[in-house]
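As a plain string of letters, each chain reads:
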Amino acid sequence: MIIAIDGPAGVGKSTVAKLLASRLGYLYLDTGALYRAVAWKTLRSRIRPADHARVATLLPTTSIHMQFHEGAMQVLVDGCDVTGQLRAPDVTAAASIVSAIPAVREWLLPIQRQIGQGGSVVAEGRDIGTKVFPAASFKFFLDAAADVRVARRHRELVAAGRGDSIETTSHDLSARDQRDRTRSIDPLVPAVDARFIDTSTLSPDQVVEQMIMAVSTGS
Ligand code: DC
C-alpha cells in the first residue's frame, strides 16, 4: 500500500507525511532528501547545479542509500552519512536546480520505486502521484496560500537557528516554486486522481485526520 503526498514547499507535507506514517505504522519516504543528496554531491564536487552535462556525469559513480531505523531516516552518499547537511540553504537551492535535470530524475526513479517495494509507505515529494507511484492506493495534493507557506517556512528556518528575513524566505520559496512548477520534466502538478487539501487554516493533526478518514473509508 502506497500513499502519495505531493505539493509545494511550505504546505506542511513533511510534518503531515511523518505523522501519517507513524499513525499507520508505515515507512515514511522523503523523496526530496534524494534530490538534496544529489545536490550535496554536486556542490561537494564543485560542479554548478545548472550544468546538466557535468551533473549527469557524476551519477554513474555516485551511490545513494536511505537507511530507516526506528522511524528515523539516514541518507548515505557514497557511504557517508550526509543527513545533517541536506537542509542547508545552498543544498536546498541546488536541489531544486538539479531536480530539473532529466538524467537526475531518471536515475532517482528506480531508487524511489525500490524503497516503495519494501511494503507500506507514505511517500512525499512533487511527482509521487504522477510519476513515481502512479498506481498509489491514495494520492493527496496539499497546497496553501502563499503567505501562509512563507510564514511556515520562515518559522522552520528560525527554529533551525537560521536568521533569514521573511523577505529572503519569500524570495527563495517563490523562486523554488517557480522552478518546480515549470520545469519541462515531471513538474509539480496534482495527479488527476489526487485528493486536494488546502492546509492554509488546518493544523497538521487536522490534515492527518482528513487523510485517515479518506484512507479508512476508501472515499
Ligand atoms: O521536498 P524538498 O523541499 O526536500 O525537495 C527539494 C527539491 O527536490 C525540491 O525543490 C524539488 C525536488 N523534488 C522533486 O523534484 N521531486 C520530488 N519527488 C521531490 C523533490
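These numbers were taken from a predicted model, which means no experiment stands behind them.

Rules behind the numbers
- Residue numbers restart at each chain and count upward from 1, following the sequence in its written direction.
- Note on the predicted model: pLDDT of at least 70 is required for a residue's local features to be given, and 80 or more for side-chain atom pairs to be given and counted; whole-chain, interface and lining totals, by contrast, use all residues.
- Side-chain measures were taken over the full set of non-hydrogen atoms in the model, leaving aside hydrogen atoms and water.
- Strands here mean DSSP runs of E at least two residues long; helices mean DSSP runs of H or I at least four residues long; both are numbered from the N terminus.
- For every residue, the accessible area (1.4 Å probe, protein chains only) is compared with the maximum for its type, and the residue is labelled buried under 20%, exposed over 50%, or partly exposed between those bounds.
- Note on contacts: a residue pair qualifies if any of its non-hydrogen atoms lie within 4.5 Å across the two residues.
- For the area figures, the Shrake-Rupley method with a 1.4 Å probe applies, and any residue is considered shielded solely by the protein chains shown.
- Within this scheme the basic residues Lys and Arg register as positive and the acidic residues Asp and Glu register as negative, but His and the chain ends are omitted.
- Positions of charges follow a simple convention, taking NZ of Lys, CZ of Arg, CG of Asp or CD of Glu.
- When DSSP finds two or more bridges between a pair of strands, those strands are recorded as paired.
- To estimate the expected span of a helix, subtract one from its residue number and multiply by 1.5 Å.
- Summarising the geometry, the arc corresponds to the directions from the helix axis toward the C-beta atoms.
- Residues are classed as near a molecule or strand on a simple rule: at least one heavy atom within 4 Å of it.
- Residues adjacent in sequence count toward polar contacts only when both atoms are side-chain atoms; beyond that, a polar contact is any pair of N or O atoms within 3.5 Å, and within protein one must be able to donate a hydrogen and the other to accept it.
- Classification used: nonpolar for Ala, Val, Leu, Ile, Met, Phe, Trp, Tyr, Cys and Pro, charged for Asp, Glu, Lys and Arg, polar for all others including Gly.

Talk me through the overall build of the protein chain; I want residue IDs and the actual numbers.
Counting secondary structure elements, the protein chain contains nine helices and eight strands. When the backbone C-alpha atoms are referred to their principal axes, the protein chain occupies close to 50 × 40 × 35 Å. Going through the 219 residues of the protein chain one by one, you find that 47% of them count as buried. If you take every contact in the protein chain between residues at least 6 apart in sequence, the share linking residues at least 24 apart comes to 71%. Carbon and sulfur atoms provide 55% of the accessible area of the protein chain, an area that totals close to 10,400 Å². Each charge class in the protein chain can be summarised by its mean position, and for the 25 positive and 23 negative side chains these summaries are 3 Å apart.

So, the pairing of strand E4 (residues 72–77): which residues are in play, and what are the values?
Note: strand E3 (residues 64–69) against E4, six bridges, orientation antiparallel. Its bridge partner being in E4, His65 is matched across the sheet by Leu76. Strand direction decides the pairing type here: E4 and strand E5 (residues 80–81), joined by two bridges, are antiparallel. Within E5, the position partnered with Val77 by the bridge is Cys80. Where E4 folds back on E5, the antiparallel hairpin that results is connected by two residues, among which Asp78 adopts a positive phi of roughly 50°.

I'd love a proper account of unusual backbone geometry, names of residues and values included.
Backbone geometry places Asp78, a non-glycine residue, at a positive phi of 50°. Topologically, Asp78 is positioned in the loop between E4 and E5. Even without being glycine, Asp186 reaches a positive phi, approximately 45°. Among the secondary structure elements, Asp186 is positioned in the loop between helix H8 (166–182) and strand E8 (195–198).

Hey, could you go over helix H9 (residues 204–217) for me, with residue numbers and the actual values?
Side chains that are three or four residues apart share a direction in an α-helix, a result of its 3.6 residues per turn. With 14 residues, H9 ought to run about 20 Å at 1.5 Å a step, and its terminal C-alpha atoms sit 20 Å apart, in line with that. Listing the buried residues of H9 in full gives Val207, Val208, Met211, Ile212, Ala214 and Val215. Axial view of H9: buried residues confined to an arc of 160°, hence all on one face. Those residues of H9 that are exposed and angled more than 90 degrees off the buried face are Met213 and Ser216. The elements touched by buried residues of H9 are strand E1 (2–6), helix H1 (13–24), strand E7 (138–143) and E8. A positive phi of about 65° marks Gly218, the residue just after H9.

Provide a residue-level description of the site of the ligand, including the pertinent values.
Lining the immediate surroundings of the ligand are 15 residues, of which Arg36, Arg105, Arg126, Asp127 and Arg183 lie closest. Within the side chain of Asp180, one N or O atom sits 3.0 Å away from an oxygen atom of the ligand. Coverage of the ligand by the protein amounts to 98% of the 440 Å² it exposes when considered alone. If you list the elements that add at least two residues to the shell around the ligand, you get helix H2 (32–44), helix H4 (89–98), strand E6 (121–125) and H8. At three residues, H2 tops the list of elements feeding residues into the shell around the ligand. For the shell around the ligand, the per-class residue count stands at two nonpolar, five polar and eight charged.

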